[in-house]
Amino acid sequence: MNPKQKEVRLYNALFPVWMVLLFPQAWLIIIPGNFIIDSVVLIISMAVLKVADKKLCYKQCIWKIFGFGMLSDIIGSAYMILMIVMDALYEWNLFRMCDEPLLTIPALIISAALIFVFNYFVTFKKMDKPLRLKMSIIFAVVTAPYTFLIPSSWVYQY
């Protein structure tokens, strides 16, 4: 290695991002797992909120909910990767092990906010506004990618 080049280490790589990169077979668990969680949340929320035609609503909504949820999680992950790279390149030293919440909590909020926006403005747009708001909030809170909060130290040792 050239002595003038700085060694770049991604100290704060997080579990969901790196698990998928290092273990591509994890997608075999992540994709069906997310679909099942989305389905359960949709069925329970429709029952609690007394949605009229549950079968039709499920058929019309589940694939959009699932797709937008995955997209939101990917965008949150992309934010974390971008911040890790920026931290390494510009030597900010913000995201060391004790400071992971500075990285993960904004990513979690970004993903949850996008889940809300996509569901409110696209998936549930045909519902009346109070029901649409409640369903969107439920999905934003319940299906947010809380696995972002798993410390990387649980996955590997330095």
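Just so it is clear, the structure is predicted and the values come from calculations on it, not from any experiment.

Draft legend 1. Representation of the overall build of the chain. Of regular secondary structure, the chain possesses five helices and zero strands. The 158 residues of the chain split such that 36% are buried. A fraction of 72% describes how many contacts in the chain between residues 6 or more apart in sequence connect residues 24 or more apart. About 9,700 Å² of surface is accessible on the chain, with carbon and sulfur atoms providing 72% of the total.

Draft legend 2. Here's a closer look at the packing of helix H3 (residues 54-90) against helix H4 (residues 101-123). Orientation of H3 relative to H4, taken along the N-to-C sense of each, is 150°, at an axis distance of 8 Å. Looking at the two axes, H3 sits roughly antiparallel to H4. H3 and H4 meet at a crossing whose hand is right-handed. Partitioning the contact of H3 with H4 into residue classes produces 18 nonpolar, seven polar and two charged.

Draft legend 3. Examining the nonpolar core more closely. Grouped together as the largest cluster of nonpolar side chains are 15 residues, with contacts concentrated most on Leu42, Phe124, Met135 and Phe139. Taken together, the elements giving at least two residues each to this core come down to helix H2 (27-48), H3 and helix H5 (129-142). The next biggest cluster of nonpolar side chains, apart from the first, holds six residues, and it includes Met83, Ile84, Ala107 and Phe148.

Draft legend 4. Expanded view of the confidence of the model for the chain. Scored by pLDDT, the chain comes out at a mean of 83, with 77% of its residues at no less than 70. Considering each helix and strand of the chain separately, the mean pLDDT is smallest for helix H1 (residues 15-22), with a value of 55, and largest for H5, with 97. Confidence over residues 7-15 falls short of pLDDT 50; this stretch has 33 contacts with residues more than four positions distant or in other chains.

Draft legend 5. Expanded view of the packing of aromatic side chains. Throughout the structure, instances matching the rule amount to seven aromatic pairs. Ring geometry for tyrosine 120 against phenylalanine 121: centres 4.9 Å apart, planes inclined by 85°, an arrangement best described as edge-to-face. These aromatic residues form a ring-pair network of at least three members: Phe35, Trp63 and Phe66. For arginine 132, the ring lying beneath its charged end belongs to tyrosine 120, and the centroid distance is 4.1 Å.

Draft legend 6. Layout of the packing of H2 against H5. With their axes 11 Å apart at the nearest point, H2 and H5 run at an angle of 140° to one another. In terms of crossing hand, the pair formed by H2 and H5 is right-handed. Note on element contacts: H5 touches H2 through Met135, Ile138, Phe139 and Val142, opposite Asp38, Val41, Leu42, Ser45 and Met46. Partitioned by chemical class, the residues of the contact of H2 with H5 number seven nonpolar, one polar and one charged.

Draft legend 7. Unusual backbone geometry, seen in detail. One non-glycine residue, lysine 50, adopts positive backbone phi at about 55°. Within the element layout of this structure, lysine 50 appears in the loop between H2 and H3.

Draft legend 8. Quick look at the environment of alanine 112. One can find alanine 112 in helix H4. Owing to a relative accessible area of 16%, alanine 112 belongs among the buried residues under this scheme. Beyond its immediate chain neighbours, meaning those up to four positions away, alanine 112 contacts Ala140 and Ala144.

Reading guide: rules and limits
Along each chain, residue indices are assigned from 1 in the same order as the chain's sequence is written. Reporting of local features is limited, given that this is a predicted model, to residues whose pLDDT is at least 70; pairs of side-chain atoms are given and counted only at 80 or more, and all residues count toward the totals for whole chains, interfaces and linings. Derived side-chain values reflect all non-hydrogen atoms in the structure, with water molecules and hydrogen atoms excluded from consideration. Helix and strand definitions here come from DSSP, where helices need a minimum of 4 consecutive H or I residues and strands a minimum of 2 consecutive E residues; each element is numbered from the N-terminal end. Buried, partly exposed and exposed residues are distinguished by accessible area as a fraction of the type maximum, computed with a 1.4 Å probe on protein chains only: under 20%, between the cut-offs, and over 50%, respectively. Should any heavy atoms of two residues lie within 4.5 Å, those residues are considered in contact. Note on areas: these come from Shrake-Rupley sampling with a 1.4 Å probe, and a residue is covered only by the protein chains present in the view. All axes here are fitted lines through C-alpha atoms, helices being fitted over the stretch that makes contact, and every angle between N-to-C directions spans 0 to 180 degrees. An angle below 35 degrees is treated as roughly parallel, one above 145 as roughly antiparallel, one from 65 to 115 as roughly perpendicular, and anything else as oblique. The crossing is said to be left-handed when, going from far helix to near helix, the turn is anticlockwise and less than a right angle, and right-handed when the turn is clockwise. Each residue is assigned to one of three groups, with Ala, Val, Leu, Ile, Met, Phe, Trp, Tyr, Cys and Pro labelled nonpolar, Asp, Glu, Lys and Arg labelled charged, and all others, Gly among them, labelled polar. Only buried residues count toward a nonpolar core. Its members are Ala, Val, Leu, Ile, Met, Phe, Trp, Tyr and Cys residues joined through side-chain atoms within 4.5 Å. pLDDT: the predictor's confidence for each residue, scored from 0 to 100. Classification of ring pairs rests on two measures: the distance between centres of Phe, Tyr or Trp rings, Trp counted by its six-membered ring, which must be within 6.5 Å, and the angle between planes, read as stacked under 30 degrees, edge-to-face over 60 and tilted in between. Ring-over charges, as used throughout, are those where CZ of Arg or NZ of Lys falls within 6 Å of the ring centre and within 35 degrees of the ring normal.

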